[in-house]
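Structural description and commentary
Here is what each chain is made of, one letter per residue.
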Amino acid sequence: MKDKKGASRKSRESKNALSRRDFLRAGATVSGGLLAGNSRAIAAPTVPETPVLGPGEAPVTLRINGSENNIHLEPRVTLLDALRNHLDITGAKRVCDRGTCGACTVMIDGNPVYSCSVLAIEAQGHEITTIESLSDGNHFDPVISAFVNNDAQQCGFCTPGFVMACRAFLNKHPHPTLDQVKKGLSGNLCRCGTYHGVEHAVLEAAGMGHAGVMAPPGAQDRKS
Ligand code: FES
Ligand code: FES
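The rules behind the values
- Starting afresh in each chain, residues are numbered from 1 along the sequence in its written order.
- Lettering for chains starts from A, numbering for ligands starts from 1, and both go in the order in which the items are written.
- Given that this is a predicted model, residues contribute local features only at a pLDDT of at least 70 and side-chain atom pairs are listed and counted only at 80 or more, while totals for whole chains, interfaces and linings are drawn from all residues.
- Side-chain numbers here rest on the full set of heavy atoms in the structure, without hydrogens or water.
- Take the buried Ala, Val, Leu, Ile, Met, Phe, Trp, Tyr and Cys residues and link them wherever side-chain atoms come within 4.5 Å; each set so joined is a nonpolar core.
- Summary of the burial criterion: residues with accessible area below 20% of their type's maximum are buried, those above 50% are exposed, and those between are partly exposed, where the area comes from a 1.4 Å probe applied to protein chains only.
- Helix numbers and strand numbers start at the N terminus; a helix is a DSSP run of H or I with at least 4 residues, a strand a run of E with at least 2.
- In what follows, a contact means two residues having at least one pair of non-hydrogen atoms within 4.5 Å.
- How far a helix is expected to stretch is found by multiplying one less than its residue total by 1.5 Å.
- Two strands are counted as paired when DSSP detects at least two bridges linking them.

Here's the deal with the nonpolar core
In terms of nonpolar packing, the biggest core is built from 26 residues, with Phe147, Leu185, Val198 and Val202 touching the most fellow members. A per-element tally of this core places helix H6 (residues 159-172) first, with 8 residues. When residues no more than four places from it in sequence are discounted, the contact partners of Phe147 are Ala152, Gln153, Thr159, Phe162, Val163, Cys166, Val198 and Ala201. Residues Leu62, Leu79, Cys104 and Val106 belong to the second largest nonpolar core, which totals 21 residues.

See the structure below:
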């Protein structure tokens with residue numbers, strides 16, 4: 001019985017090993033000598049050729065806040081570093097740099113993402129939106145105004161990421177409940193503990209409308 005099982009396991013392993021090899025043959029560029037004599041390898045599906053980039057800089061085009069940006073980057077550069085260090089778009093912050101805190105949140109095709117955990121080259125061909133798009137200097141997205149109204153920041157370091165997460169959340173859930181807000185923003189951390197203010201800011205911004213812009217409270221006073 002034991003031998004039978006062992007033999008069947010061996011047979012399975014042998015089949016699996018063959019499948020893995022076939023997969024590698026299909027996906028990698030290897031010498032013809034290695035492929036010779038195996039008809040299964042010849043029958044493997046054709047995989048489109050993937051251009052090999054790096055390790056040096058390669059041309060990269062990023063569409064950010066509606067504008068095309070042509071730069072040269074090593075393929076290992078994250079979207080966050082491309083924004084901050086190569087394009088001087090510094091709203092997204094680097095804190096944990098490992099996809100935990102959300103301070104680097106931007107939107108890609110309308111979805112909130114940790115820009116520290118996305119390679120810039122992967123973001124090509126997608127619409128990238130940063131917090132800079134939510135204000136023209138005089139007018140502000142309702143989420144920003146609601147943050148001011150609800151004291152949703154202390155040191156403010158987490159704030160750009162939170163604002164982007166809130167805007168992305170409200171775009172998909174224009175009339176959320178408090179529970180939905182808490183769940184929707186659970187990917188962002190605030191060391192100062194301003195969660196209560198952030199939650200109320202989202203609820204207030206939901207009442208203000210969807211994606212319009214407005215002057216924050218006191219903006220006129222501060223200008224004069
Ligand atoms: S800096 Fe990207 S998640 Fe913390
Ligand atoms: S306001 Fe300080 S980390 Fe959030």
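Digging into unusual backbone geometry
Of note in the backbone geometry, Asp88 takes a positive phi value of approximately 60° without being a glycine. Mapped onto the elements, Asp88 comes out in the loop between helix H4 (79-86) and strand S3 (105-108). Judged by relative accessible area, which is 65%, Asp88 ranks as exposed.

Some points on H6
Taking 1.5 Å of rise per residue, 14 residues should cover 20 Å, and H6 covers 20 Å from first to last C-alpha, within 8% of that figure. Summarising burial for H6: 12 of the 14 residues are buried, a large majority. Among all positions in H6, only Thr159, Pro160, Gly161, Phe162, Val163, Met164, Ala165, Cys166, Arg167, Ala168, Phe169 and Leu170 are buried.

Here's the deal with the pairing of strand S4 (residues 111-114)
Side chains on a regular strand alternate between the two faces of the sheet. Pairing of S3 with S4, which is carried by 4 bridges, proceeds in the antiparallel orientation. The partner of Val106 across the bridge, within S4, is Val113. Where S3 folds back on S4, the antiparallel hairpin that results is connected by 2 residues, among which Asp109 adopts a positive phi of roughly 50°.

A short note on the pairing of S3
What you see with S3 is no split at all: Thr105 and Met107 on one side and Val106 and Ile108 on the other are buried throughout. Direction of pairing for S3 relative to strand S5 (residues 127-129): antiparallel, over a ladder of 2 bridges. Counterpart to Ile108 in the pairing with S5 is Ile128.

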